[in-house]
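Commentary on secondary and tertiary structure
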Amino acid sequence: LLLHLSQFSTDESRLQRIVPAIISLLEDSNALIRALSIRVLTTTLSSVQTFPPSDAKIFPEYIFKRLYLLINDQLCVRVAFAECIASLAETSKRFLDVSHAMRLHELVDNNNKTETTEDVTVGNVASGGGATNSSIPAFPDDVTKLLGDNTNDFLSDAETPSPHPPPPSSHTTAYRTTKPDNTVPPTTLIPNTYDTDLASLHETISRWVVQITTDSSPHSVEPKLALLQSLPSLSSFFGPDGVTSRILPQILAFLNDRNGSLRAELCSTLPSVCAVIGRVKTEHFVVPCVETALVDSEERVVMAALACLGRVVSMGLVSRAILLTTPSRTGLLEKYCPLLLHPSAGIRYGIVGLLRSAARCCLKGVDGMAFLRPLLGGYVVAMPGE
């Protein structure tokens, strides 16, 4: 009911009424209600687009403190928690970005208004103001007495523009006030805590990820599988450096887990992580770990590892130096081409997919004829095109 109400409510109603009601349900005695409350809370917060400055820190000061108690709850609650971590991380970062942008815009706007007020004040002083001009004498007292009654005529003649303006005299320059063109506006120092706040969010989410990935309880596989399904969003949240230091070491340890489904799911989701960390880190960290999965005892894990390598190669994240044999090392293609003779059809199709990805992305045209044909000679009856 709260989820349906939030779809037709304003952002203010979601934050001030619906979110507190959902938070109160996180302490319900029924585990299913607590799990459903986590999902509804995540969906409601992700639908909020605008919020007042007072709610800028709602995640670190309110939401995360209430959710942290559920990470060691019953199985269904832990699964819901793992499913929603990525969405909560993205929403909290969006709140942080918007709040700092609003704060920066407000400070800059106030600074511009202050500068405009100062410019107007300086301009009035320079021009003398409307009423002040009349009180400023045009000539010194001795000159006024000397001119006598002809002063007004002289002034009226002076106001008439002349085709030949007189050269500037000492009197005209003495009463002219100009503003220099090279005036440097004052520098405004704006305190910036964005990096500190973002690092705090990363630390909180990373602590939750570590607790889920290092859980060794009898029913720890389900939360880990739920976490892997949201791995692309988590990788985008942490960025290349955060994934390398916080996420990758934790998830690669899943290859040592006894559950084959977890190992296969890890291989299926690794390409999304590789897209974030880039080619160099993929070749140094991910590819060696995937190679250990190619000699796994379960067929589904080997198939998932071959599919993972095929996707990574098609994304251009593996160089030719890794695929082809060099004097110092054996390339991936030569090392695993014998899988073309594997009795499992799924594994044979997997290695064919890897070879196809290499031929399309790295070994086109003449390179394919020069490098792939010698590798396939001992495993196929007829070459492609013959």
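These figures come from a predicted structure and were not determined experimentally. (Residues numbered from 1 in each chain as written. Predicted model: local features only at pLDDT ≥ 70, side-chain atom pairs only at ≥ 80, totals over all residues. Heavy atoms only, no water.)

Points about the overall build of the protein chain
Across its full length, the protein chain holds 19 helices and zero strands. By residue count, 38% of the 386 residues in the protein chain fall in the buried class. Long-range pairs, those at least 24 residues apart, make up 70% of the contacts in the protein chain with a sequence separation of at least 6. (Helix = DSSP H or I, 4+ residues; strand = E, 2+ residues; numbered from the N terminus. Buried < 20%, exposed > 50% of the residue type's maximum accessible area, 1.4 Å probe, protein only. Contact = heavy atoms within 4.5 Å.)

Thoughts on the environment of Leu15
Relative to the helices and strands, Leu15 is located in helix α2 (residues 11-25). For the pair Leu15 and Ile58, spaced 43 residues apart in the sequence, the C-alpha separation amounts to 9.3 Å. Residues contacting Leu15, with those up to four places away along its chain left out, are Pro20, Leu45, Val48, Thr50, Phe51, Pro52, Asp55 and Ile58.

Points about the side chain of Ser37
Along the chain, Ser37 falls in helix α3 (residues 31-46). From its side chain, Ser37 meets the backbone oxygen of Ile33 in a polar contact 2.6 Å long. Residues within four places of Ser37 in sequence aside, it is in contact with Ile22, Leu25 and Leu26. (Polar contact = N/O pair within 3.5 Å; in protein donor to acceptor, adjacent residues only side chain to side chain.)

Notes on the nonpolar core
Counting 97 residues, the largest nonpolar core has Leu41, Ile63, Leu67, Ile205, Ile251 and Leu333 as the members making the most contacts within it. When residues of this core are assigned to their parent elements, the largest contribution, twelve residues, is made by helix α5 (residues 75-127). For Leu41, the residues in contact, after removing those within four places along its chain, are Val19, Ile22, Ile23, Leu26, Ile63 and Leu67. (Core = buried A, V, L, I, M, F, W, Y, C linked by side-chain atoms within 4.5 Å.)

Remarks on the packing of helix α12 (residues 231-251) against helix α13 (residues 260-277)
Two elements in contact, α12 and α13, have axes separated by 9 Å at closest approach and are oriented at 105°. With respect to each other, α12 and α13 are oriented roughly perpendicular. When α12 is examined against α13, the residues Leu231, Pro232, Ser235, Gly239, Pro240, Val243, Thr244, Leu248 and Ile251 are found in contact with a partner set consisting of Leu266, Thr269, Leu270, Ser272, Val273, Val276 and Ile277. (Axes fitted to C-alpha atoms, helices over the stretch in contact; angles between N-to-C directions. Parallel < 35°, antiparallel > 145°, perpendicular 65-115°, else oblique.)

A few points about the environment of Phe81
As for its placement among the helices and strands, Phe81 is situated in helix α5. The class of Phe81 is buried, set by a relative accessible area of 2%. Spatially, the C-alpha atom of Phe81 lies 9.5 Å from that of Trp208, the residues being 127 residues apart in sequence. Each residue touching Phe81, except ones within four places of it in the same chain, is listed here: Ile38, Leu67, Ile71, Trp208 and Ile212.

Remarks on the state of the cysteines
Scanning the model with the defined rule gives zero disulfides in all. Not part of a disulfide, Cys267 finds its nearest cysteine sulfur in Cys308, a span of 5.9 Å. (Disulfide = S-S within 2.5 Å.)

What about the confidence of the model for the protein chain?
Residues at a pLDDT of 70 or more form 77% of the protein chain, whose mean pLDDT is 81. Mean pLDDT across the elements of the protein chain bottoms out in helix α9 (residues 170-174) (39) and peaks in helix α15 (residues 299-314) (95). For residues 129-136, every residue scores under 50 in pLDDT, and the model assigns this stretch three contacts once sequence neighbours within four places are set aside. Per-residue pLDDT stays below 50 along residues 166-180; that stretch engages in four contacts with residues further than four places along the chain or on separate chains. (pLDDT = per-residue confidence, 0-100.)

Focus on the environment of Gln229
As for its placement among the helices and strands, Gln229 is situated in helix α11 (residues 221-229). Sequence-wise, Gln229 and Ser268 are 39 residues apart; in three dimensions their C-alpha atoms are separated by 9.6 Å.

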